[in-house]
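Next come the chains, spelled out residue by residue.
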Amino acid sequence: MKPYSDRRANLLAQMQAQGGGVAIIPTAPEVMRNRDADYPYRHDSYFYYLSGFTEPEAVLVLIAGKQNKSILFCRDKNLEREIWHGFRYGPDVAREKFGFDEAFPIEQLDSEMPGLLSDAGAVFYTLGQNEKRDAQLQNWLQGVRALSRSGVEAPAGIYDVQRLLDTMRLIKDSTEIAAMTRAGEISAAAHCRAMRMARPGLREYQLEAELLHEFRYNGAQAPAYGSIVATGANACVLHYAAGNAELKDGDLVLIDAGCEFDSYASDITRTFPANGRFSPPQRTLYDIVLAAQTAAIAQTRPGKNFMDGHDAAVRVLAQGMLDTGLLSSDKFGSLDDVIAGGAYRRFYMHRTGHWLGMDVHDAGDYRNAGPTGSERAWRTLESGMVTTVEPGIYVRPADDVPEQYWNIGIRIEDDALVTPDGCRILSNGVPNKADEIETLMRETLTRHA
């Protein structure tokens, strides 16, 4: 539990630097799917980051005062309920196992919180995410204010605790890197499995099933997000969900999928031919996207800023669009003109990466801190950050676009851990070069026993 206690100590130190107070971090609520059935439960990332505790109905309270203290409120031990829903730690065992100073049944939250908030300098809590929790906090504060004549003071301000935690979560420790490395390995194996299984006549949902098989067989708890499995023109829809479209001879298949392992996400995209061979137009665009990714990865290193990789990728993609006739120099001008005018966005409309961690679009600002209202510089990359690198080209039919490129959608995405001297690709277990993909697709799938 040391990584979690270290993170709590880090947050408490930041709270002390702002005058102290009480932080309140609840986990996610259970959500009903339909009658008598809940959605699969997934704990809140901020809560888990500080606690390592995965049960629902729990709240973490951190007190930064004369004596720092960590308190967990959780479900009480209940052997009868465990028969139906599984093991519960209960406050006593949870306090000892997870390293909290105190632990109480969740039913005592309302009675304990006014006392914990009394004479606290400030409340560190994120408003606006859960109306029920916000109303609870208001009631607790009203309870404290009612004691003002006895000399008790209510907190003077409310600070967004996630602002502090976002900066902490940007830099991954060794425990987090190990989990993300394993998530990358499992997800890469799933992509390889899907490539080996792919053939004309299959449906998108059948390839999705192969991904899910590999995730769970290797110990991943769930997909990190809804898997994108898109064939043909569907690959030009950025957030397409796997449907029932049939893989056809001559079409490309784009898969954007990753698993969650021990609460940490992987995020990989590969594009490959349904029949195992890229056509010349497909190969031309594919190699442009791969070159753009290579250029972006070269910029993913300490001292570079977050957008340097995107700018490098855009330059390669825009030149490729001019070379292939997707964009006309007669109409849009030189490479610099295409970039300055944004003409490339017709075929590449998203950014080249995003933070990755417990959330697939992970916490953390993309710009450095600066005065409110100013144009802040893009955040400088540091060792321990993890970002995706995912350029693409998406070509919809149009009169001014060469027909040979119509309905081709290509994205190549990998997960990059920034290291002291560059970056390490966590998802390199699945090939990204066209020749290597074709070789892999000729292999026979070895089914798990």
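You'll find the structure just up there.
What you are looking at is a predicted structure, and each value in this text was computed from that prediction instead of being measured. (Residues numbered from 1 in each chain as written. Predicted model: local features only at pLDDT ≥ 70, side-chain atom pairs only at ≥ 80, totals over all residues. Heavy atoms only, no water.)

### Details of the sheet that holds strand E12 (residues 259-261)
Next, step 1: Across the sheet, three strands lie side by side as E9-E12-E13; this open sheet has antiparallel pairing. Of all the strands in the sheet, the pair left with one neighbour each is strand E9 (222-223) and strand E13 (264-265). (Pairing = 2+ DSSP bridges. Helix = DSSP H or I, 4+ residues; strand = E, 2+ residues; numbered from the N terminus.)

### A short note on empty space enclosed by the protein
Next, step 1: In the structure shown here, the tally under the stated rule is two cavities of 30 Å³ or more.
Next, step 2: Looking at the largest cavity, its volume works out to about 110 Å³.
Next, step 3: For the largest cavity, the lining is made up of 15 residues, of which Phe306, Gly309, His310, Thr387 and Thr388 are closest to its centre.
Next, step 4: The set of elements that each furnish at least two residues to the lining of the largest cavity consists of helix H11 (308-324) and strand E15 (386-389).
Next, step 5: Residues that form the lining of the largest cavity fall into these classes: four nonpolar, nine polar and two charged.
Next, step 6: Taken as a whole, the second largest cavity encloses approximately 40 Å³ of empty space. (1 Å grid on protein atoms, 1.4 Å probe; cavity = no way out; pocket = protein on both sides within 12 Å on 5 of 7 lines; lining within 4 Å. Points joined across faces, edges and corners; volume = space filled by probe spheres on them. Nonpolar A, V, L, I, M, F, W, Y, C, P; charged D, E, K, R; others polar.)

### Thoughts on the packing of helix H5 (residues 109-117) against helix H6 (residues 131-145)
What describes two packed helices is the angle between their axes and the distance between those same axes.
Next, step 1: Between H5 and H6, the shortest axis-to-axis distance is 8 Å and the interhelical angle comes to 55°. Judged by the angle between their axes, H5 and H6 are oblique. When the axes of H5 and H6 are compared, the crossing they make is right-handed. Where H5 approaches H6, its residues Leu109, Asp110, Met113, Pro114 and Leu117 are matched on the opposing element by Arg133, Gln136, Leu137, Trp140, Leu141 and Val144.
Next, step 2: For the contact of H5 with H6, the per-class residue count stands at eight nonpolar, one polar and two charged. (Axes fitted to C-alpha atoms, helices over the stretch in contact; angles between N-to-C directions. Parallel < 35°, antiparallel > 145°, perpendicular 65-115°, else oblique. Left-handed = near helix turned anticlockwise from the far one by under 90°. Contact = heavy atoms within 4.5 Å.)

### What about the pairing of strand E5 (residues 69-74)?
Next, step 1: Buried residues dominate E5, accounting for five of its six residues.
Next, step 2: Two strands pair when backbone bridges link them, and strand E4 (residues 59-64) and E5 are joined in this way by five bridges, in the antiparallel orientation. For Ile63, the partnering residue across the bridge sits in E5 and is Lys69.
Next, step 3: Counting the residues that bridge the hairpin from E4 to E5 gives four residues.
Next, step 4: Both E5 and strand E6 (residues 102-105) contribute to a ladder of four bridges, which runs parallel. Considered in E6, the bridge of Leu72 is made with Ala103. (Buried < 20%, exposed > 50% of the residue type's maximum accessible area, 1.4 Å probe, protein only.)

### Some remarks on the layout of surface pockets
Next, step 1: Quantified by volume, the largest pocket comes out at close to 610 Å³.
Next, step 2: Along the wall of the largest pocket there are 25 residues; nearest its centre are Pro26, Thr27, Pro29, Asn130 and Arg133.
Next, step 3: Of all elements in the fold, only strand E1 (21-26), H5, H6 and helix H7 (161-170) reach the threshold of two or more residues within the lining of the largest pocket.
Next, step 4: In terms of residue class, the lining of the largest pocket is made up of twelve nonpolar, six polar and seven charged.
Next, step 5: Approximately 380 Å³ is the volume found for the second largest pocket.
Next, step 6: Lining the second largest pocket are 19 residues; nearest its centre among them are Ile228, His239, Asp256, His361 and Glu390.
Next, step 7: Looking at the lining of the second largest pocket residue by residue, the class counts come to six nonpolar, seven polar and six charged.

### Concerning the pattern of salt bridges
Next, step 1: Following the criterion strictly, the structure yields 23 salt bridges and no others.
Next, step 2: For Asp359, the salt bridge is made with Arg169, and the minimal N-O distance between the two is 3.1 Å. Taken together, the residues Asp359 in the loop between helix H13 (335-341) and E15 and Arg169 in helix H7 connect sequence positions 190 residues apart.
Next, step 3: Arg411 is the partner of Asp256 in a salt bridge, and the nearest nitrogen-oxygen pair spans 3.0 Å. With Asp256 in strand E11 (residues 252-257) and Arg411 in strand E17 (residues 408-411), the pair connects residues that are 155 residues apart, well separated along the chain.
Next, step 4: Looking at Arg411, the relative accessible area reads 3%, which means it is buried.
Next, step 5: If you follow the salt bridges from partner to partner, you end up with Arg169, Lys172, Asp359 and Asp362 in one network. (Salt bridge = Lys/Arg side-chain N within 4 Å of Asp/Glu carboxyl O.)

### Considering the packing of aromatic side chains
Next, step 1: Enumeration according to the criterion identifies 13 aromatic pairs in this entry.
Next, step 2: Relative to Tyr366, the ring of Trp355 lies with its centre 5.2 Å away and its plane at 0°, an arrangement referred to as stacked. Separated by eleven residues along the polypeptide, Trp355 in the loop between H13 and E15 and Tyr366 in the loop between H13 and E15 bring together distant segments of the chain. For the pair shown, Trp355 and Tyr366 are each scored as buried.
Next, step 3: Through pairs of rings, three or more aromatic residues link up here, namely Phe47, Phe53, Phe87, Tyr89 and Phe98.
Next, step 4: If you follow Arg7 out to its NZ or CZ, it ends over the ring of Tyr4, 5.0 Å from the centre.
Next, step 5: For Arg351, the ring lying beneath its charged end belongs to Tyr366, and the centroid distance is 4.6 Å. (Phe/Tyr/Trp six-rings, centres within 6.5 Å; stacked < 30°, edge-to-face > 60°. Lys NZ or Arg CZ within 6 Å of the ring centre and 35° of its normal.)

### Notes on the environment of Gly219
Next, step 1: Topologically, Gly219 is positioned in the loop between helix H9 (204-217) and E9.
Next, step 2: Take Gly219: its relative accessible area is 34%, and that puts it in the partly exposed class.
Next, step 3: Residues Gly219 and Arg182 lie 37 residues apart in sequence; the distance between their C-alpha atoms is 9.8 Å.

Note that every value here comes from positions in space, so none of it alone points to a role or purpose.
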